[in-house]
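What follows is each chain in one-letter form.
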Number of protein chains: 2
Amino acid sequence: MSHLLIVAHGSRREASNQEVRELAIKMSQINAGSYDSIQAGFLELAEPSILEGLIKLINNGATHIDVFPYFLSAGRHVSEDVPEQLKIVQQQWPDIKINLKPYLGSNNALPELILESLSNHL
Amino acid sequence: MSHLLIVAHGSRREASNQEVRELAIKMSQINAGSYDSIQAGFLELAEPSILEGLIKLINNGATHIDVFPYFLSAGRHVSEDVPEQLKIVQQQWPDIKINLKPYLGSNNALPELILESLSNHL
């Protein structure tokens, strides 16, 4: 079973966390069978944590988990903090395949998506 | 003359600011004439500031400026801090058309873009 965990920083502002959870729901709705489920997890300040999110997926039978950092820049969170959480889980469950995907801001399709959305509103 | 200012939070980590400036360059390269120029500006911690960015565009002849918040969630920065900066400039130059565009995280095409990029790497 293949699952996706969207990881975000987490905010004191609960509405911001809810935006990430809603992204997971929207992606689940248009997901054409690539993933058995799509969930959200947070580095801090919100629940579930990345650890909780991963462990829940594993307990539900996940054997392959893609982790997508919902971050705009490649700071310490993307390069160190998120991988550190994955490592903890990987050491505990060595047979689970956990793949860290490129973070949102590095997506080469983003510049065009932004330009298109702006031209629709001109 | 119509211009685009991409506004980001700004970071102590200069490489993150550079990512935003590079986004502006990439968007300029694929921009099919919608804008005369595409620039980056920062709310804090990096240069140019939003004010500096807007004033520079106006001094260069801009009459219409779209402002695109490069933010993932609709927090205080998007709802208050960025509009406040625009208001200052608008009061000084009432004839310039300054349009605040929807922030990145609200883009309805984002969920599909993310799913597609993930499936390309599965």
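Residues numbered from 1 in each chain as written. Chains lettered and ligands numbered in written order. Predicted model: local features only at pLDDT ≥ 70, side-chain atom pairs only at ≥ 80, totals over all residues. Heavy atoms only, no water.

Draft legend 1. Geometry of the confidence of the model for chain A. Residues and elements named next belong to chain A. When pLDDT is averaged across chain A, the result is 94; 98% of the residues are at 70 or more. When mean pLDDT is compared element by element in chain A, strand β3 (residues 64–69) scores highest at 98, while helix α4 (residues 110–120) scores lowest at 92. At the level of chain-chain contacts, confidence expressed as ipTM amounts to 0.93, with global pTM at 0.94. (pLDDT = per-residue confidence, 0-100. Helix = DSSP H or I, 4+ residues; strand = E, 2+ residues; numbered from the N terminus.)

Draft legend 2. Representation of the relation of the copies chain A and chain B within the structure. Overlaying chain A on chain B yields an RMSD of 0.0 Å, the required transformation being a rotation through 180 degrees with an accompanying axial translation of 0.0 Å. With respect to symmetry, the two chain copies, as superposed, fit the operation of a two-fold axis. Interface overlap between copies is the fraction of interface residues in one copy that are interface residues in the other; for chain A against chain B it reaches 100%, indicating a shared surface. (Least-squares fit on C-alpha atoms with pLDDT ≥ 70 in both. Contact = heavy atoms within 4.5 Å.)

Draft legend 3. Structural detail: the environment of B:Ile98. Residue and element names in this part refer to chain B. Along the chain, Ile-98 turns up in strand β4 (residues 97–100). Sequence separation between Ile-98 and Asp-66 is 32 residues; the distance between their C-alpha atoms is 5.9 Å. Excluding residues that lie within four positions of it along the chain, Ile-98 makes contacts with Ile-65, Val-67, Leu-86, Val-89 and Gln-90.

Draft legend 4. Highlighting helix α3 (residues 76–92) of chain A. Residue and element names in this part refer to chain A. The terminal C-alpha atoms of α3 lie 24 Å apart, and with 17 residues this matches the ideal 24 Å at 1.5 Å per residue to within 8%. The complete set of buried residues in α3 reads Val-78, Asp-81, Val-82, Gln-85, Leu-86 and Val-89. Packed against the buried residues of α3 are β1 (2–8), α2 (50–59), β3 and β4 (97–100). (Expected span 1.5 Å × (residues − 1). Buried < 20%, exposed > 50% of the residue type's maximum accessible area, 1.4 Å probe, protein only.)

Draft legend 5. Highlighting α2(A). All names here are of chain A. All of the buried residues in α2 are Ile-50, Gly-53, Leu-54, Leu-57 and Ile-58. Buried residues of α2, seen end-on, are gathered within an arc of 130 degrees and therefore sit on one face of the element. Relative to its buried face, α2 has exposed residues pointing more than 90 degrees away, namely Lys-56 and Asn-59. Looking at the buried residues of α2, the elements they touch are β1, β2 (37–42), β3 and α3. (Arc of directions from axis to C-beta.)

Draft legend 6. Region of interest: the pattern of salt bridges. Residues and elements named next belong to chain A. Tallying each qualifying case throughout the model produces six salt bridges over all chains. The shortest N-O distance in the salt bridge between Arg-76 and Asp-81 comes to 3.1 Å. Given the relative accessible area of 16%, Asp-81 is considered buried. (Salt bridge = Lys/Arg side-chain N within 4 Å of Asp/Glu carboxyl O.)

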